[in-house]
Amino acid sequence: MMSVKEYSEDINQSIEVIIKKANELGYEVNSEDDILSEDAVIDLDTALTMNVKEEENDNVYLEEVNDDKDYDLEEELDDKAEVLASASNLKYDDSVKVQKLKKKDTTKENKEDINAKRKEMYKNKAKLQENTAEKDENIIVYKEGMTVSDLAKELNVEPIEIIKKLMSLGVMASLNNSLSFDDTEMIVVDYDKTLKTFESQDKVNFEKLEINDDPKDLEERAPVVTIMGHVDHGKTSLLDYIRHSNVVNGEFGGITQHIGAYQIERDGKKITFIDTPGHAAFTEMRARGASITDLVIIIVAADDGVMPQTIEAIDHAKAANVPIIVAVNKIDKPGCDPDRVMKEMAEHDLLPDEWGGDVIYDRISAKTGEGIDKLLEDIILVSSMEELKANPNRYALGTTLESKLDKNLGPTCTLLVQNGTLRLGDYVVVGTSFGRIRTLKNDLGEEVMEALPSTPVEVTGLNEVPEAGDRFMAYKTEKEARTISENRKEQAKLKKNRNNSAPTLDDIFSRIKEGAKEINVILKTDVTGTEEAVKNALEKVQVEDVKVKVIRSSVGAISESDIVLASASNAIVIGFNVRPDNKTIETAKEYNVDIRLYNVIYKLVEELEDAMKGMLDPEFEEKVLGQAEVRKLFKFSKVGTIAGCMVTSGVIRNNAKARLIRDGVVVYDGEINSVQREKEQAKEVKKGFECGITLDKYSDIKEKDIIEAYEEVEIKR
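Nothing here was measured: the structure is a model prediction, and the numbers come from that model. (Residues numbered from 1 in each chain as written. Predicted model: local features only at pLDDT ≥ 70, side-chain atom pairs only at ≥ 80, totals over all residues. Heavy atoms only, no water.)

A word on the overall build of the chain. When helices and strands are tallied, the chain shows 19 helices and 33 strands. Accessible surface, the chain as shown: approximately 38,100 Å² in total, 47% of it carbon and sulfur. (Helix = DSSP H or I, 4+ residues; strand = E, 2+ residues; numbered from the N terminus. Areas by Shrake-Rupley, 256 points an atom, 1.4 Å probe, with all protein chains shown as cover.)

Here we come to the side chain of Asp705. With respect to the helices, strands and loops of the structure, Asp705 is situated in the loop between strand S32 (690–695) and strand S33 (706–715). Only 2.8 Å separates the side chain of Asp705 from the side chain of Arg662, close enough to count as a polar contact. A polar atom in the side chain of Asp705 sits 2.9 Å from the backbone nitrogen of Lys702. (Polar contact = N/O pair within 3.5 Å; in protein donor to acceptor, adjacent residues only side chain to side chain.)

Another aspect to go through is the sheet that holds strand S7 (residues 260–266). Strand order in this open sheet of six strands is S7-S8-S6-S9-S10-S11, and the pairing throughout is mixed. Whereas interior strands pair on both sides, the edge strands pair on one side only; in this sheet they are S7 and strand S11 (360–363). The mean angle between the axes of side-by-side strands here comes to 25°, regardless of whether they run parallel or antiparallel. Judged from the six bridges that link them, strand S9 (residues 295–301) and strand S10 (residues 324–329) form a sheet pairing that is parallel. Note on S10: the bridge partner recorded for Val296 is Ile324. (Pairing = 2+ DSSP bridges. Axes fitted to C-alpha atoms, helices over the stretch in contact; angles between N-to-C directions.)

Looking now at the environment of Lys235. Following the sequence through the fold, Lys235 ends up in helix H9 (residues 235–243). In sequence terms Lys235 and Ile298 are 63 residues apart; their C-alpha atoms lie 8.7 Å from each other.

Turning next to the pairing of strand S14 (residues 410–419). The buried fraction of S14 amounts to nine of the 10 residues, a majority that puts the element mostly inside the structure. Sheet topology places strand S13 (residues 397–406) next to S14; nine bridges connect them, and they run antiparallel. By the bridge assignment, Leu397 is partnered in S14 with Asn419. In textbook terms, the turn of a hairpin is the stretch between consecutive antiparallel strands, and for S13 and S14 this stretch comprises three residues. Sheet topology places S14 next to strand S19 (residues 456–462); five bridges connect them, and they run antiparallel. Across the sheet, Cys413 pairs through a bridge with Val459, a residue of S19. (Buried < 20%, exposed > 50% of the residue type's maximum accessible area, 1.4 Å probe, protein only.)

The next thing to look at is the pattern of salt bridges. Within this structure, the stated rule accounts for 33 salt bridges. Here Lys165 and Asp190 are joined by a salt bridge, their closest N and O atoms 3.6 Å apart. One end of the pair, Lys165, is in helix H7 (residues 159–168); the other, Asp190, is in the loop between helix H8 (181–189) and strand S4 (194–197), and 25 residues separate them in sequence. Residue Lys165 is classed as partly exposed on the basis of its relative accessible area of 24%. Arg552 is the partner of Asp562 in a salt bridge, and the nearest nitrogen-oxygen pair spans 2.6 Å. Placement of the pair is Asp562 in helix H17 (residues 560–569) and Arg552 in strand S23 (residues 546–555), with a sequence separation of 10 residues. The buried category is assigned to Asp562, whose relative accessible area is 1%. According to the relative accessible area criterion, Arg552 is buried, its value standing at 7%. (Salt bridge = Lys/Arg side-chain N within 4 Å of Asp/Glu carboxyl O.)

By size, the foremost hydrophobic cluster in this structure holds 24 residues, and its most contacted members are Tyr7, Ile18, Leu36, Leu44 and Tyr475. When residues of this core are traced back to their parent elements, those giving at least two are helix H1 (4–11), helix H2 (15–24), helix H3 (38–47), strand S16 (427–430), strand S20 (471–475) and helix H14 (478–494). Among all residues touching Tyr7, those that are not within four sequence positions of it are Met2, Ile18, Leu36, Val41, Leu44, Asp45 and Leu48. (Core = buried A, V, L, I, M, F, W, Y, C linked by side-chain atoms within 4.5 Å. Contact = heavy atoms within 4.5 Å.)

If you walk across this open sheet you meet the five strands as S22-S23-S21-S24-S25, and the pairing is mixed. Of all the strands in the sheet, just strand S22 (542–543) and strand S25 (595–598) have a single pairing partner and so form its edges.

A few words on the confidence of the model for the chain. Residues at a pLDDT of 70 or more form 79% of the chain, whose mean pLDDT is 80. Ignoring residues within four places in sequence, the model shows residues 56–71, a span with pLDDT below 50, making seven contacts including any to other chains. This stretch, residues 278–282, has a pLDDT under 50; its non-local contacts, to residues over four places away or in other chains, come to 13 contacts. (pLDDT = per-residue confidence, 0-100.)

See the structure below:
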């Protein structure tokens, strides 16, 4: 289906001719905005074929005449150049002229071929299934604020019957009282019904839309493979070898700066690769890459071993809960030690299969190609065991890998089709943007008519640039897609913060009631010994068969990478004798990630157990007043060490509680003894001013230390 205007652009005919011909064929069409059905498009294509052929013949004649004129002019100039060259005893090179003629002929042939394919696609356009939740009379849809009266109407029973059942459950409710999801679910079970949230049935929130495909409609699809690892360990070089291209030279500094998606064919089976950046600055992109993948390859250089970003890659792969293959690269280099890599990776619970584990290790060289055939065979083997399937006979759903604003093409983005088929001319909603697919290009830059599941394509036709990571869905009509896009924009305006479901310590109990069996935790400590002790203590915490799972533990300050992983894996961040900096705190607020800070193990364990039992006491919320950086030290025998500081944020108050932070680690926690400003005692010093600070019973202060002033405020839960 398309408008008259869009059809006229596709077949290069005037709107008046199309309207006239459509009316002759019995289709009621009056303006350029009227929609032509697929049947109308096919009938019009057939009816206008003769006219098109006649016009094409005329155009071919005119083009030939014009081309002849152009070529005559070019040939005349070339002839003159040849004469001048021979007169000057110079060698004349006519290769440029030959290239021009070849390029012109090739472009013309390609355009004709694409137009022919486009027309063929429209004529034989198969009807696709719309993306809707299953319609079942046994499903009750729960909406926020659902009352007893609403539920009685949905169940087709008297409200008094619902009230009696609620009373038997210990819930006192009247006709217009709102019901929680849990209480409603206990009621509908008695009527042999299933309760589902409104979002899971709503097309507008298609990220949560529950679509159940008929098993007979499912077909095998290509695996989506994400390559992760430390910078310069050979991720892009591996893809470069596989694709026989030279991506590395096109990247700034040899480091991948964006997510690229590529598809290859091996033994008749396709494999889609996603190349995630290895630099720490792109941790968020790597987290997104892991969330859409079927299999992760962690690449480690045999001459370098496990590095910090290798460990990050392991954490993200485990959080995605997908199979992992380890590729030990650079085995061609002298001094390499693949066994050392395997031993280091085994310490992170990735035990090699040849040592009795369940993780496949492949020794490869992205430079010479050694071992890459075996790696591809293992990818196909592992993916076949996963039985990856999708339904190509429905409108497409998927994820945005990257997006940009092209000065010539407008908004362009790379989409990964995860289910269904995306076709040229389909109406899509990507995040909050909307449009009709104008062009579809594969990873080789070739124009295609459709993209099947697990296929990455670059598309144009959207009204604005979506965000990388946005979900997309295709629709049957322009009206439906436009309406849903507008509704999503309105919803986005109401949400200032990013929508995620990272838990807080306060809502752990409610999550346990909903059926959660594990509480994910990211642990950061000051020293290795403390890390082991705290980790062991946390993993022993168990309440009603619910365990604490430490998905990452390491030494050092809480970083933005920890926050991103916590958001991706619904985890709580726990810091023991460490602190996040201001930028990390802002990132945590943006992602709604809960950071908890402790310095006593038993207090940490006790509070976590109380949270899991739903018995948390009223807590004291810490309010950071400000931070000051130590610039210079002054030592006096009577006073001790005075830290000459610059207040970098907030205010520093006299007698406030304070901690001394060195390289992200808390080395002192006590009180400020005095604050001086220009040799005078001061109650407080604001940001941008210098001051002298002494700490209570502590003198081991160093330059570049951070003094953080704070106070504790009691809050009610």
